[in-house]
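Listed here are the chains, written in short residue letters.
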Amino acid sequence: MYIFMKPLLWVPALYVLAAVLPAAFLLYYVYRQDRVEREPVGLLMSLLWKGVLAALCAIVLETLGQLLLDRLCTPGTFLHTVLLAFVVVAGAEEGMKLFFLKRRTWYDYQFNYRFDAIVYAVFVSLGFAAFENIQYVFTYGLSVALPRALLSIPGHMAFAVYMGVFYGRAKLRENRGNHAAARSDLMMAYFSAVLLHGFYDACAMIGTAKASVLFIAFVVVVYWRMIRLLKREAAQDAPV
């Protein structure tokens, strides 16, 4: 009986591993970039959990948002697709990520360097992405694991890096007493991630040949820029 039960245990374990490993690799990469003062493991694990909570909340918001959008705009039209990508999906997902990111880290004494903001944002975002990836792999099988490892997981990381750059600037300006500039940077943290995420999703949702070419070009440029941003911000890290 035990021999026949083993495959039943290995299959879900394999699915979870395929879904989580890409996020784990990128988390380790970003963690290693933080050369001045690495963040405690307890805080980082907490941020991963916040990413899962953000994903759960986003599911509710996206469901409600799509129901409302379907009433206001004809499904299947170009306008509906664009609004779904930018407002409903990207708006809800990046909003929830920023909400839980700020709630957990803004007043934490360990948030004392600018690059910390990028690390925090990436951990929340990849916690979100790992949870989402588990859902996809269990729903559609291992066939989606590789394309999502190459596109969706790094995509969430890229959005988070841009969010983190502005989030770190916002914390610096807040600590210097420039509250208006801090609020402006927080808005930039949100909208930069939403615009990137929305464009990514819109190209994927439209699915035409031109949209696919644009999608590939967009992914290459954004990922290249993300790596440059990471290295630059790590090299120029400074206290907030």
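Calculation rules
- Residues numbered from 1 in each chain as written.
- Predicted model: local features only at pLDDT ≥ 70, side-chain atom pairs only at ≥ 80, totals over all residues.
- Heavy atoms only, no water.
- Helix = DSSP H or I, 4+ residues; strand = E, 2+ residues; numbered from the N terminus.
- Rg over C-alpha atoms; globule rule 2.2 N^0.38 Å.
- Contact = heavy atoms within 4.5 Å.
- Areas by Shrake-Rupley, 256 points an atom, 1.4 Å probe, with all protein chains shown as cover.
- Core = buried A, V, L, I, M, F, W, Y, C linked by side-chain atoms within 4.5 Å.
- Buried < 20%, exposed > 50% of the residue type's maximum accessible area, 1.4 Å probe, protein only.
- Phe/Tyr/Trp six-rings, centres within 6.5 Å; stacked < 30°, edge-to-face > 60°.
- Lys NZ or Arg CZ within 6 Å of the ring centre and 35° of its normal.

J.: Mind showing me how you'd approach the overall build of the protein chain here?
T.: Along the protein chain, the regular secondary structure elements total 7 helices and 0 strands. Counting from the amino terminus, helix and strand elements in the protein chain follow one another as α-α-α-α-α-α-α. Radius of gyration (C-alpha) of the protein chain: 19 Å, near the 18 Å computed for a compact globule of 240 residues. Along the first, second and third principal axes, the C-alpha set of the protein chain runs to 60 × 50 × 30 Å. For the protein chain, long-range pairs separated by at least 24 residues make up 80% of all intrachain contacts whose partners lie at least 6 apart in sequence. Surface accessibility of the protein chain: about 12600 Å² in total, with carbon and sulfur atoms responsible for 70%.

J.: Before we go on, may I ask you to explain the nonpolar core in this structure?
T.: The nonpolar side chains of a soluble globular protein tend to be buried, and buried together. Counting residues in hydrophobic clusters, the biggest one holds 51 residues, and the most contacted among them are Leu101, Val122, Leu126, Met157, Val161 and Tyr167. Where this core is concerned, the elements lending two or more residues are helix H1 (2-33), helix H2 (41-72), helix H3 (78-105), helix H4 (114-140), helix H5 (145-175), helix H6 (179-206) and helix H7 (209-235). Excluding anything up to four places from it in sequence, methionine 157 contacts Leu26, Tyr29, Val30, Val122, Ser125, Leu126, Met226 and Leu230. Within the second largest apolar cluster, 6 residues are counted, among which are Ala55, Met96, Phe100 and Phe128.

J.: I would appreciate a short explanation of the packing of aromatic side chains in the present structure.
T.: Between two aromatic rings, the relevant description is the distance of the centres plus the angle of the planes. Throughout the structure, instances matching the rule amount to 11 aromatic pairs. Here phenylalanine 99 and phenylalanine 100 contribute two aromatic rings whose centre-to-centre distance is 5.0 Å and whose plane-to-plane angle is 85°, an arrangement assigned as edge-to-face. Taking relative accessible area as the criterion, phenylalanine 100 reaches 9% and is therefore assigned buried. Centroid distance phenylalanine 199 to phenylalanine 218: 4.8 Å. Interplanar angle 50°. Geometry classified as tilted. Residue phenylalanine 199 is found in helix H6, and its partner phenylalanine 218 is found in helix H7; the two are separated by 19 residues along the sequence. The exposure class assigned to phenylalanine 218 is buried, which follows from its relative accessible area of 14%. Through a chain of ring-to-ring contacts, the aromatic side chains of Trp106, Phe111, Tyr120 and Tyr167 assemble into a single cluster. Looking at arginine 148, its charged tip hangs above the ring of tyrosine 136, at a distance of 4.0 Å from the centre. The ring of phenylalanine 166 carries the charged tip of arginine 169 above its face, separated from the ring centre by 5.3 Å.

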